[in-house]
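# Summary of structural features
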Amino acid sequence: TCDVFTETPLAGNQLAVVFGAEGLSAETLLAITREFNFSETTFVFAAEREDTTHRVRIFTPGGEVPFAGHPTLGTAHVLVASGSVAITGDRVQLVLGENVGPVPVTVRCEGGAPVWAQLTTAQLPEERTSGVPSINELAEVLSLAPDDFVGGTHSPAGVSCGLPFLVVPLASVSAVRRARVHMGAWDHFLRGTWAAEPMVFAVVRDDDDRADAPESLRDVDLRARVFVPGLSVPEDPATGSANACLAGYLAARTPRDGTLAWRVAQGVEMQRPSRLDIEADKRHGAVTAVRVGGASVIVTDGTFRLP
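A brief look at the structure comes next. All values reported here derive from a predicted model rather than from experimental measurement.

Scoring rules and cut-offs
- Here the residue numbers are simple positions, counted from 1 along each chain's written sequence.
- In keeping with the model being predicted, local features are shown solely for residues with a pLDDT of at least 70 and side-chain atom pairs are shown and tallied solely at 80 or more, while totals for entire chains, interfaces and linings include all residues.
- Calculated side-chain values reflect all of the structure's heavy atoms, with hydrogen atoms and water omitted.
- The definition of a nonpolar core used throughout is a set of buried Ala, Val, Leu, Ile, Met, Phe, Trp, Tyr and Cys residues joined through side-chain atoms within 4.5 Å.
- Only protein chains enter the area calculation, which uses a 1.4 Å probe; residues under 20% of their type maximum are buried, those over 50% are exposed, and those in between are partly exposed.
- By definition, any uninterrupted DSSP run of H or I lasting at least four residues is a helix, any uninterrupted run of E lasting at least two residues is a strand, and each is numbered from the N terminus.
- Contact definition: two residues touch when any of their heavy atoms are within 4.5 Å.
- Any Phe, Tyr or Trp ring, taking Trp's six-membered ring, that has another such ring centre within 6.5 Å forms a pair; planes under 30 degrees apart are called stacked, those over 60 apart edge-to-face, and the others tilted.

Counting residues in hydrophobic clusters, the biggest one holds 59 residues, and the most contacted among them are Leu-94, Val-105, Val-107, Phe-201, Leu-246 and Trp-262. By residue number, the principal contributor to this core is helix α7 (residues 240–252), which donates eight residues. Apart from the residues within four sequence positions on either side, Leu-94 is in contact with Thr-53, Ala-76, Leu-79, Val-80, Val-85, Val-103, Pro-104, Val-105 and Val-107. Counting 28 residues, the second largest nonpolar core, distinct from the first, contains Leu-138, Val-176, Val-200 and Ala-213.

Laid out in structure tokens, this is it:
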């Protein structure tokens, strides 16, 4: 197991990376995932395509997903740290075959060990605003007031880079802290929609916004939280796939081209502080690439016994 989007064990987002699962059914893989009960577990297999390094399947306790960020980065870290992928320099290139398609990952190494990784999404951001609940409805879902939302050009939108999220800009970090999913309202307004899993975020503006974060997260640009009730994850401490969507959302609303970058703090309210580095390339007004990066640390290793 490893912790992802952190340099410190027992922070970030937990991930179990399982080897030797060849021949097991999807039902058994899901049962193993629920035994760990982390937000996600990955299963590593031999590559099925010549343009990939390994085949990786990703499960949440609610089922298999086509793509996720912290499992991709954590799995790449474990593959390099375990020697399954050789370190040939200060950067190692992998391509993980996921259900969304081939996902390139660059792992940065120091002193012969992996320390940081960055993925490039297999899919460019797809944004939809049709079917998104109103501000008043989302205020009910998130237990907030309508004036806690930004609105206008930064109104909520569904975004997907392989896994859809509802990107919800809030007016303050205080609103991010106060957000709570009201499951009855979520069932009524979001369940079954294209982007049912809300990601709330706000711009970090002053010392009050940083007061509850550890020192390592006080230089960030954005504060975020991600709720994934549709996949049996009430709140996720660090969500690479959602932050990829956030990079695409922000880039689409930035009036200049180039490589755009933001630093995001997530998981503070869960006492799992996490830092995510997100980037988007924009050319002639269009987003041409999205990347998500962060550190990982290995925490445990062992053997799983099945009946």
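Additional details are given in the paragraphs that follow.
Here we take up the environment of Asn-37. If you trace the backbone, Asn-37 turns up in the loop between α1 (26–36) and β3 (41–46). Put simply, Asn-37 and Glu-137 are 100 residues apart on the chain and 31 Å apart in space, counted from C-alpha to C-alpha.

Scanning all chains against the criterion turns up four aromatic pairs. The interplanar angle of 50 degrees and the centroid separation of 5.5 Å between the aromatic rings of Phe-36 and Phe-304 together place this pair among those described as tilted. Here Phe-304 lies in the segment after β17 (286–298) and Phe-36 lies in helix α1, a separation of 268 residues in the sequence. Judged by its relative accessible area of 35%, Phe-304 falls in the partly exposed class.

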